[in-house]
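Below are the chains, spelled out letter by letter.
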Amino acid sequence: MSSVEHIKEGRSRPSFPWAFPSSLFGRATPGAGSPAILALLMLPGLIIVAAFFAIPMALVAMRVADGPDGLATYFVILTNDRYLASLIQTLVMSAGVTVTALILCGVCGLFLVRNRFAGRNVITALLTLPLSFPGTVVGFMVIMLAGRQGVIGSVTDALWGEKIVFAYEITGLFVGYLYFSIPRVILAVMASAEKLDPQLEEAARSLGAPTWRVVRDVILPGLMPGLVSSGAICFATAMGAFGTAFTLATDIDVLPMVIYTEFTRNANIAVAAALSIALGAMTWAVLAAVRIFVGNGATSGTGGGA
Amino acid sequence: MRRDWKFYSQLGLTIVLCLFIVVPVVMSALAGVTVNVFKGLSSGLTLRWIFEVWDLYAQSILLSLGIAMACLVVTLVAGVPLAYVLVRRPSRMMRLFEELLTLPVAIPGLALALALLITYGGVSGYRSSWLFILTGHVLFTLPFMVRSVAAVMAAMDMKMLEEGAASLGAGFWRRFFGVIVPNAKPGILAGALMVVTLSIGEFNLTWMLHTPLTKTLPVGLADAYASMRLEIGSAYTLIFFVLIMPLLIAMQALANRGSRASRRIDTAEDTL
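Since this is a predicted model, take the numbers as computed values, not measurements. (Residues numbered from 1 in each chain as written. Chains lettered and ligands numbered in written order. Predicted model: local features only at pLDDT ≥ 70, side-chain atom pairs only at ≥ 80, totals over all residues. Heavy atoms only, no water.)

### Looking at the overall build of chain B
Phase 1 of the analysis: A tally of regular secondary structure across chain B gives 12 helices and zero strands.
Phase 2 of the analysis: Secondary structure of chain B in N-to-C order comes out as α-α-α-α-α-α-α-α-α-α-α-α.
Phase 3 of the analysis: For chain B, the spread of C-alpha atoms along the three principal axes comes to 75 × 70 × 30 Å.
Phase 4 of the analysis: Counting contacts in chain B only where the partners sit at least 6 residues apart, residues at least 24 apart contribute 74% of the total.
Phase 5 of the analysis: Accessible area of chain B: about 11300 Å², with a carbon and sulfur share of 67%. (Helix = DSSP H or I, 4+ residues; strand = E, 2+ residues; numbered from the N terminus. Contact = heavy atoms within 4.5 Å. Areas by Shrake-Rupley, 256 points an atom, 1.4 Å probe, with all protein chains shown as cover.)

Okay, structure coming up:
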């Protein structure tokens, strides 16, 4: 019985002379380290986050307020026509990419989960191929596809004697973000689709529901958490990404490019900082909203899909 | 199973999507070993461009690998204990800290880089060394490590394991390294693969943080795309594919194995 004694001993933690650190952590549970040990465990991460993230971010925020226009600089994104136009363009493009990716991947993801046929696994593997391509490589893929030497140009040249080239403008960026988003969304759709209960569908069908109603009332609600969280990631990526635009053309007027030019060419640090903070806040808000939404809708997997 | 027009139209769309993904990859891989892209494959195959890329960018490629390894070490040392505390003793403060920790994933790399530049840009020895880039990579990848490890730790019965070990007289450090860490291995492995992959491909932050002497692989890629001939850019991309592919395959194998235990690795959050 001596082991039981030990467990009991483990349960009654020695009371700590300083109550503060233990109040930082949650309820004491048997077997976990003492508050001092927990604090020590957290130390490296805490230092990294504080010194290289929290403090620099606070300094940037202060730097903006110290600028010639003071706190008004924060609203420059709304008051300056050029920034506002680029914000709207970025928002519209990001939303467009998100919707397109969700529709395409929704159909294909569901199809891949529902049907078994030769080559299915190969197709799935190929669709998730670009998962770890950085933005620059994605940009290069767009050039391969729709650039001056691209496939689309060569095909249209052979067919109609006219080269269609759209890589070096906003359309190319749209295609690039779609390229980047497809693997992510398709994985999320397939993960949710596997959890769908086919019996619900059978029931709906046997009650005489037409296909579109089955899709609207049974399949879509089931896929929703996956669609929403991967859609949010699509949107956030398209809002803040920089590598693809940088590879395609430096004069595409999306917000990250504007920030980059303000900082490097015009040395307008206050404005660049204000724009980055605005962009970061918007992206974070979208992700946080989705996390709350999905978190209430479904308690799926690792918690916090976004 | 009945196969009607619906099946074939969906199959068609899936194949089109697949071609959209694969065709540029194949084209760029071929362009990297073609003598002259403008003349096409008929001009013959060569490894000349690959060697030329190696001559030009070997340093960037090696630096990238070095930074990825250093980044892995730092995120392991900082991330695994952090995940343990977050899972073992959750509290309101801890959740706040977790939010702060994951913020660098949500906010654009450009903003993060700007903050680092404004704060530490004046520290010349640090600014011009590869450690500056490492800092950015650690900030960006640490949340992935923590989340991946925390997911596994949350799924295992840590309380029971630790109580058991404690009842056998194991002290905290013995329990941590002898019981907790080995049990969290799948999560640590998944996190490690994720961190290395992300670090090798990171561009948004790195482009702002790099100096002419501290160029990483993706910075070199951007440079090659902008100023070298198409064959060189393609050959460089091919080298990148060869580097990243084993990592990707390992990651997916791990994810497949994990999903059977109803766990999903979040691969979906890295930014472009």
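### Notes on the overall build of chain A
Phase 1 of the analysis: For chain A, the count of helices and strands is 14 helices and zero strands.
Phase 2 of the analysis: Ordered by position in the sequence, the α and β elements of chain A form the string α-α-α-α-α-α-α-α-α-α-α-α-α-α.
Phase 3 of the analysis: With 306 residues in all, chain A has 50% of them scored as buried.
Phase 4 of the analysis: Counting contacts in chain A only where the partners sit at least 6 residues apart, residues at least 24 apart contribute 66% of the total.
Phase 5 of the analysis: Only carbon and sulfur atoms are counted for the fraction: they give 66% of the accessible area of chain A, which is about 13900 Å². (Buried < 20%, exposed > 50% of the residue type's maximum accessible area, 1.4 Å probe, protein only.)

### Thoughts on the UniProt feature "domain: ABC transmembrane type-1" (unreviewed entry) in chain B
Phase 1 of the analysis: Within this structure's numbering, the places UniProt gives as "domain: ABC transmembrane type-1" (unreviewed entry) are residues 61-251 of chain B.
Phase 2 of the analysis: Secondary structure across residues 61-251 of chain B comprises 85% helix and 0% strand; the distance between its end C-alpha atoms is 21 Å. (UniProt positions renumbered as here; feature names shortened; annotations may be inferred.)

### Considerations on the UniProt feature "transmembrane region" (unreviewed entry) in chain B
Phase 1 of the analysis: Mapped onto the present numbering, the UniProt feature "transmembrane region" (unreviewed entry) falls at residues 12-38, 58-87, 99-123, 129-155, 176-200 and 235-255 of chain B.
Phase 2 of the analysis: Secondary structure content for residues 99-123 of chain B is 80% helix and 0% strand, and the end C-alpha separation is 29 Å.

### Brief notes about the pattern of salt bridges
Phase 1 of the analysis: Evaluated as defined, the whole model comprises nine salt bridges over all chains.
Phase 2 of the analysis: Note that Arg-114 of chain A and Glu-201 of chain A form a salt bridge whose closest N and O atoms lie 2.7 Å from each other. With Arg-114 of chain A in helix α5 (residues 81-114) and Glu-201 of chain A in helix α10 (residues 198-206), this residue pair connects regions lying 87 residues apart in the sequence.
Phase 3 of the analysis: The exposure class of Glu-201 of chain A is buried, given its relative accessible area of 8%.
Phase 4 of the analysis: A salt bridge links Arg-175 of chain B to Glu-162 of chain B; the nearest nitrogen and oxygen atoms lie 3.7 Å apart. With Arg-175 of chain B in helix α8 (residues 172-183) and Glu-162 of chain B in helix α7 (residues 158-167), this residue pair connects regions lying 13 residues apart in the sequence. We note that Arg-175 of chain B, like Glu-162 of chain B, is buried.
Phase 5 of the analysis: Several salt bridges converge on common partners, so that one network encompasses Arg-114, Glu-201 and Arg-205 of chain A. (Salt bridge = Lys/Arg side-chain N within 4 Å of Asp/Glu carboxyl O.)

### A few points about the UniProt feature "transmembrane region" (unreviewed entry) in chain A
Residue and element names in this part refer to chain A.
Phase 1 of the analysis: In the UniProt entry, the feature "transmembrane region" (unreviewed entry) is given for residues 37-63, 83-113, 125-146, 166-187, 226-249 and 269-290.
Phase 2 of the analysis: For residues 83-113, helix accounts for 100% and strand for 0%, while the C-alpha atoms at its two ends are 43 Å apart.
Phase 3 of the analysis: Along residues 226-249, the helical share is 88% and the strand share 0%, with 33 Å between the first and last C-alpha atoms.

### Let's talk about the side chain of Ser-129 of chain B
All names here are of chain B.
Phase 1 of the analysis: Among the structural elements, Ser-129 can be located in the loop between α5 (124-127) and α6 (130-155).
Phase 2 of the analysis: Of the residues examined, Ser-129 reaches a relative accessible area of 18% and is grouped as buried.
Phase 3 of the analysis: A distance of 3.1 Å separates a polar side-chain atom of Ser-129 from the backbone nitrogen of Leu-131. (Polar contact = N/O pair within 3.5 Å; in protein donor to acceptor, adjacent residues only side chain to side chain.)

### So, the interface of chain B and chain A
Phase 1 of the analysis: In this assembly, 96 residues from chain B lie in contact with 101 residues from chain A.
Phase 2 of the analysis: For the pairing of chain B and chain A, the buried interface totals around 8900 Å² over both sides, and the portion due to carbon and sulfur atoms is 77%.
Phase 3 of the analysis: Counting the contacts that link chain B with chain A gives zero salt bridges.
Phase 4 of the analysis: The interface formed by chain B and chain A includes six residue pairs in polar contact (both at pLDDT 80 or more).
Phase 5 of the analysis: With 18 residues, the top contributor of residues to the side of chain B that touches chain A is helix α1 (residues 5-32) of chain B.
Phase 6 of the analysis: Here the residues of the side of chain B that touches chain A sort into 66 nonpolar, 16 polar and 14 charged. (Buried area = accessible area lost by both parts, 1.4 Å probe. Nonpolar A, V, L, I, M, F, W, Y, C, P; charged D, E, K, R; others polar.)

### Quick notes on the packing of helix α7 (residues 135-146) of chain A against α1 of chain B
Phase 1 of the analysis: Contact geometry of α7 of chain A with α1 of chain B gives a least axis separation of 9 Å together with a crossing angle of 90 degrees. With respect to α1 of chain B, the element α7 of chain A is oriented roughly perpendicular. Taken together, the residues of α1 of chain B that come into contact with α7 of chain A (itself represented by Phe-140, Met-141, Met-144 and Leu-145 of chain A) are Phe-20, Val-23, Pro-24, Val-25, Met-27, Ser-28 and Ala-31 of chain B.
Phase 2 of the analysis: Its residues assigned to classes, the contact of α7 of chain A with α1 of chain B comprises 10 nonpolar, one polar and no charged. (Axes fitted to C-alpha atoms, helices over the stretch in contact; angles between N-to-C directions. Parallel < 35°, antiparallel > 145°, perpendicular 65-115°, else oblique.)

### Notes on the UniProt feature "domain: ABC transmembrane type-1" (unreviewed entry) in chain A
Phase 1 of the analysis: Mapped onto this numbering, the UniProt entry annotates "domain: ABC transmembrane type-1" (unreviewed entry) at residues 87-288 of chain A.
Phase 2 of the analysis: Within residues 87-288 of chain A, the helical portion is 79% and the strand portion 0%, while the C-alpha atoms at the span's ends are 20 Å from each other.

### What to know about a nonpolar patch on the surface
Phase 1 of the analysis: Residues Leu-40, Leu-43, Leu-46 and Ile-47 of chain A together with Trp-173 and Phe-177 of chain B make up a contiguous nonpolar surface patch of about 580 Å² in total accessible area.
Phase 2 of the analysis: At the level of elements, α3 (35-66) of chain A together with α8 of chain B are the ones that each hand at least two residues to the nonpolar patch.
Phase 3 of the analysis: A total of four residues in the nonpolar patch trace back to one element, the largest contributor, which is α3 of chain A.
Phase 4 of the analysis: Position of Ile-47 of chain A relative to the elements: it lies in helix α3.
Phase 5 of the analysis: Residue classification places Ile-47 of chain A among the partly exposed residues on the basis of a relative accessible area of 47%. (Patch = residues over 30% accessible without salt bridge, like charges linked within 9 Å, V, L, I, M, F, W, Y side chains within 5 Å.)

### Comments concerning the packing of aromatic side chains
Phase 1 of the analysis: Within this structure, the stated rule accounts for 27 aromatic pairs over all chains.
Phase 2 of the analysis: Judged by centre distance (5.5 Å) and plane angle (45 degrees), the rings of Phe-242 of chain A and Phe-246 of chain A are tilted.
Phase 3 of the analysis: Accessibility expressed as a relative area gives 0% for Phe-242 of chain A, which makes it buried.
Phase 4 of the analysis: With a centroid separation of 5.0 Å and an interplanar angle of 90 degrees, the aromatic rings of Phe-7 of chain B and Tyr-8 of chain B are classed as edge-to-face.
Phase 5 of the analysis: Since its relative accessible area comes to 7%, Phe-7 of chain B is described here as buried.
Phase 6 of the analysis: Given a relative accessible area of 49%, Tyr-8 of chain B falls into the partly exposed group.
Phase 7 of the analysis: In textbook terms, an aromatic cluster arises when at least three aromatic residues are bridged by ring pairs, as seen for Phe-242, Phe-246 and Tyr-260 of chain A together with Phe-203 and Trp-207 of chain B. (Phe/Tyr/Trp six-rings, centres within 6.5 Å; stacked < 30°, edge-to-face > 60°.)

### Some thoughts on helix α4 (residues 109-120) of chain B
Residues and elements named next belong to chain B.
Phase 1 of the analysis: Over its 12 residues, α4 extends 16 Å from the first C-alpha to the last, a length consistent with the 16 Å expected when each residue adds 1.5 Å.
Phase 2 of the analysis: With 12 of 12 residues buried, α4 lies mostly within the body of the structure.
Phase 3 of the analysis: Those residues of α4 that fall on the buried side of the exposure criterion are Gly-109, Leu-110, Ala-111, Leu-112, Ala-113, Leu-114, Ala-115, Leu-116, Leu-117, Ile-118, Thr-119 and Tyr-120. (Expected span 1.5 Å × (residues − 1).)

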